[in-house]
Amino acid sequence: MNQLRRAFLRCSFCRKPNSKVAKLIAGRRGYICDVCVASCNKILEATPPGFAGWETLTDEQILDALLPAERTVEAVRAVLQEQIDVLRKRGVSWEAIGRALQISRQAAWERFS
Ligand SMILES: [Zn+2]
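These notes cover the structure that comes with them. (Residues numbered from 1 in each chain as written. Predicted model: local features only at pLDDT ≥ 70, side-chain atom pairs only at ≥ 80, totals over all residues. Heavy atoms only, no water.)

Here's the deal with the overall build of the protein chain
Move 1: A tally of helices and strands in the protein chain yields five helices and two strands.
Move 2: In the protein chain, the succession of helices and strands from N to C terminus is α-β-β-α-α-α-α.
Move 3: Overall size of the protein chain, expressed as C-alpha extent along the three principal axes, is 50 × 40 × 20 Å.
Move 4: Once local pairs closer than 6 in sequence are excluded, the contacts in the protein chain between residues at least 24 apart make up 20%.
Move 5: Total accessible area on the protein chain stands at roughly 8,900 Å², and carbon and sulfur atoms take up 56% of it.
Move 6: Counting 18 positive and 12 negative side-chain charges, the protein chain places the averaged centre of each group 17 Å from the other. (Helix = DSSP H or I, 4+ residues; strand = E, 2+ residues; numbered from the N terminus. Contact = heavy atoms within 4.5 Å. Areas by Shrake-Rupley, 256 points an atom, 1.4 Å probe, with all protein chains shown as cover. Lys, Arg positive; Asp, Glu negative; His and termini not counted. Charge placed at Lys NZ, Arg CZ, Asp CG, Glu CD.)

This is how it looks when you write it as structure tokens:
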């Protein structure tokens, strides 16, 4: 019974099932996986303490935040690319990948091939 319930747990953020992540942390109303925790940490590192919105920061502060933000985007993109590479090696079509990403087959191919 417990094992059956565990089989259906998934990250509330990226929707990956527990079988596809290294760690899944339970909260009161959801779950978060190790990859999403790492992404959140990078976003927090890029956000100054007491953050009250980008409009409240100086040009210099926003300029300082650009590189960490870009690195976060790149890290998340690398995970996405790795997932797609595995699917492509397994022979999964661009059509199916596009459908999963809610973009066209052509758009999926252009972005990830
Ligand atoms: Zn996740």
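Remarks on the coordination of the zinc ion
Move 1: The coordination sphere of the zinc ion contains the protein donors Cys11 (SG), Cys14 (SG), Cys33 (SG) and Cys36 (SG), at a distance range of 2.3 to 2.4 Å.
Move 2: Between the four donor atoms coordinating the zinc ion, the angles at the centre fall across 107 to 117°, so the site counts as tetrahedral.
Move 3: Each donor residue of the zinc ion belongs to the same chain, and together they define the spacing C-x2-C-x18-C-x2-C. You can see Cys11 sitting in the loop between helix H1 (2-6) and strand S1 (24-26) and its partner Cys36 sitting in helix H2 (residues 34-45), a full 25 residues away along the chain.
Move 4: Accessibility expressed as a relative area gives 0% for Cys11, which makes it buried. (Donors = N, O, S within 2.8 Å, 3.2 Å for Na, K, Ca; no water. Tetrahedral: all angles 85-135°; square planar, octahedral: opposite > 155°, others 65-115°. Buried < 20%, exposed > 50% of the residue type's maximum accessible area, 1.4 Å probe, protein only.)

Notes on the packing of H2 against helix H3 (residues 59-89)
Move 1: One way to put it is that H2 packs onto H3 with a least axis distance of 9 Å and a crossing angle of 165°. As judged from the angle between their axes, H2 and H3 are roughly antiparallel. By crossing handedness, the relation of H2 to H3 is classed as left-handed. From H2, Val35, Ser39, Lys42 and Ile43 reach across to H3, where they touch Thr72, Ala75, Val76 and Val79.
Move 2: Counted by class, the contact of H2 with H3 contains five nonpolar, two polar and one charged residues. (Axes fitted to C-alpha atoms, helices over the stretch in contact; angles between N-to-C directions. Parallel < 35°, antiparallel > 145°, perpendicular 65-115°, else oblique. Left-handed = near helix turned anticlockwise from the far one by under 90°. Nonpolar A, V, L, I, M, F, W, Y, C, P; charged D, E, K, R; others polar.)

A short note on the packing of H3 against helix H4 (residues 94-101)
Move 1: Following both chains from N to C, one finds H3 and H4 inclined at 145°, their axes separated by 10 Å at the closest point. By crossing handedness, the relation of H3 to H4 is classed as right-handed. Contacts from Leu80, Ile84, Leu87 and Arg88 in H3 reach Trp94, Ile97 and Leu101 in H4.

Quick look at the layout of surface pockets
Move 1: Of the pockets and cavities examined, the largest pocket occupies roughly 740 Å³.
Move 2: The wall of the largest pocket is formed by 26 residues, among which Cys14, Lys16, Val79, Leu80 and Gln83 lie closest to the centre.
Move 3: At the level of secondary structure, the elements contributing two or more residues to the lining of the largest pocket comprise H2, H3, H4 and helix H5 (105-112).
Move 4: The dominant element in the lining of the largest pocket, judged by the number of residues it contributes, is H3, at seven residues. (1 Å grid on protein atoms, 1.4 Å probe; cavity = no way out; pocket = protein on both sides within 12 Å on 5 of 7 lines; lining within 4 Å. Points joined across faces, edges and corners; volume = space filled by probe spheres on them.)

Things to note about unusual backbone geometry
Move 1: Unlike most non-glycine residues, Arg15 shows phi in positive territory, near 70°.
Move 2: Note on placement: Arg15 falls in the loop between H1 and S1.
Move 3: With phi around 60°, Gln102 is a residue other than glycine that occupies positive phi space.
Move 4: Relative to the elements of secondary structure, Gln102 occurs in the loop between H4 and H5.

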